[in-house]
Amino acid sequence: MEPELLFDGMSFRVFRSGEPDCVTVEFTDTITAFGGIKRAEISGKGEINASIASMVAEYIGKNGVESHFIRQLDSRRILCRKVEMIRLEVVVRNIIAGSMARRLGVREGMKPENTIFDLFYKNEDLGSPLINDHYAVALGLVTYGELTRIYEYAGKINGLMSSLLKDVDIELVDFKLEFGRDGSGNIVVADELTPDNARLWDMKSMQKLDRDRFRRDMGKVGEAYRTICGRLRTVLRK
Ligand code: UDP
């Protein structure tokens, strides 16, 4: 019997798992941009992302960040705890790029002294608008206490991954995370860090090694993802 599809995010699909209170996340070769208007297949991307997601989740887990990740099942699939998703996208920025550069007319590549945390309300009908803490609480999405925990986890992941990636000459420019609540109501990271949802620049050449290569028609998308996976492997899987 085919497992029941719970959610199709195009670049990943979530299925009901045979294990109680678990879901299976399958990474696909599909890449999208601009809310799915632009779409293509990148051969091997699903396997690369499953591998990156697993290495990163194991690493942050060992360093005290609760995530939904349990284990990698096969080349494309990971087993995760089923959580109640919070309708927020949390973006952490170390270098100004993308929507922030466009919105504020700031040069892409500008490096502020501080780390920036954005909240977007996950609502496709509204184009997932940028909001703030007070909007998120007013909308009933989270409590202030939960936001404190969310920023704590997001900041911790940023610190861990920025320094790990620096060791392999990659700048963690920005990334998006989503969070959920487990059965006891605890906040857990319910998202994967991959080049689909992070900006990763080679520190020497300043080449982009992430989904921007697809958004901006730069080519060599699969090669970029493979580079990230290969470099992470040198520090995370001997
Ligand atoms: N991002 C994502 N999903 C989204 C929107 C953004 O994974 O729906 C990631 C994106 O890849 C980047 C970071 O979040 O690493 C910040 O994206 P930004 O707000 O700059 O928006 P974009 O330039 O992608 O429109």
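Heads up: these notes are all about the structure in this document. (Residues numbered from 1 in each chain as written. Predicted model: local features only at pLDDT ≥ 70, side-chain atom pairs only at ≥ 80, totals over all residues. Heavy atoms only, no water.)

### Comments concerning the sheet that holds strand β6 (residues 69–72)
As a reminder, the rule being used: We call two strands paired when DSSP finds no fewer than two bridges between them. Secondary structure follows DSSP: runs of H or I at least 4 residues long count as helices, runs of E at least 2 residues long count as strands, and numbering of each begins at the N terminus. Throughout, an axis means a line fitted to C-alpha atoms (over the contacting stretch in the case of helices), and angles, computed between N-to-C directions, take values from 0 to 180 degrees. Here, two residues are considered to be in contact whenever any of their heavy atoms come within 4.5 Å of each other.
Strand order across the open sheet formed by five strands is β1-β2-β3-β7-β6, with antiparallel pairing between neighbours. Whereas interior strands pair on both sides, the edge strands pair on one side only; in this sheet they are β1 (5–8) and β6. Within the sheet, the average angular offset between the axes of one strand and its neighbour, ignoring direction, is 25°. Bridge analysis of strand β2 (residues 12–16) against strand β3 (residues 22–27) gives five bridges, and the strand direction is antiparallel. When the bridges of β3 are listed, R13 appears paired with E26. Packed onto the sheet, helix α1 (residues 45–62) meets β3, β6 and β7 (77–81) and runs at close to 130° relative to β6.

### Notes on the nonpolar core
Put simply, the test is: The definition of a nonpolar core used throughout is a set of buried Ala, Val, Leu, Ile, Met, Phe, Trp, Tyr and Cys residues joined through side-chain atoms within 4.5 Å. Each residue's exposure class comes from its accessible area (1.4 Å probe, protein chains only) as a fraction of the maximum for that residue type: buried when under 20%, exposed when over 50%, partly exposed otherwise.
L88, I157, M161, F179 and L232 are the most contacted members of the largest nonpolar core, which has 48 residues in total. For this core, the element with the most residues is helix α4 (residues 144–167), which contributes nine residues. Apart from residues lying up to four places away in sequence, L232 is in contact with I52, M55, V56, M161, L164, L165 and R237.

### Brief notes about the state of the cysteines
Here is the rule: Two cysteine sulfurs form what is called a disulfide whenever their separation falls within 2.5 Å.
Applying the stated criterion across every chain, the model contains zero disulfides. Its sulfur unpaired, C80 is 8.4 Å from the next cysteine sulfur, which belongs to C22. Residue C80 is classed as buried on the basis of its relative accessible area of 0%. With no disulfide of its own, C229 lies 17 Å from the sulfur of C80, the closest cysteine sulfur.

### Quick word on the sheet that holds strand β15 (residues 198–202)
By definition, the strands of a sheet pair up through backbone hydrogen bonds, in either a parallel or an antiparallel sense. Here we have five strands laid out as an open sheet, ordered β11-β10-β9-β12-β15, and antiparallel in their pairing. The open sheet is flanked by β11 (130–131) and β15, the only strands paired with a single partner. Pairing geometry for strand β9 (residues 88–93) and strand β10 (residues 116–121), over six bridges, is antiparallel. Looking across to β10, one finds that V92 is bridged to F117. Those strands touched by α4 are β9, β10, β12 (170–177) and β15, and its axis lies near 155° from that of β12.

### Quick word on unusual backbone geometry
Leaving glycine out, the prevailing phi sign among residues is negative, and the prevailing peptide bond configuration is trans. One non-glycine residue, F34, adopts positive backbone phi at about 55°. Along the polypeptide, F34 turns up in the loop between β4 (30–33) and β5 (38–41). Phi is positive for M206, close to 65°, though the residue is something other than glycine. Mapped onto the fold, M206 is located in the loop between β15 and α5 (212–215). Under the relative-accessibility criterion, M206 is labelled partly exposed at 48%.

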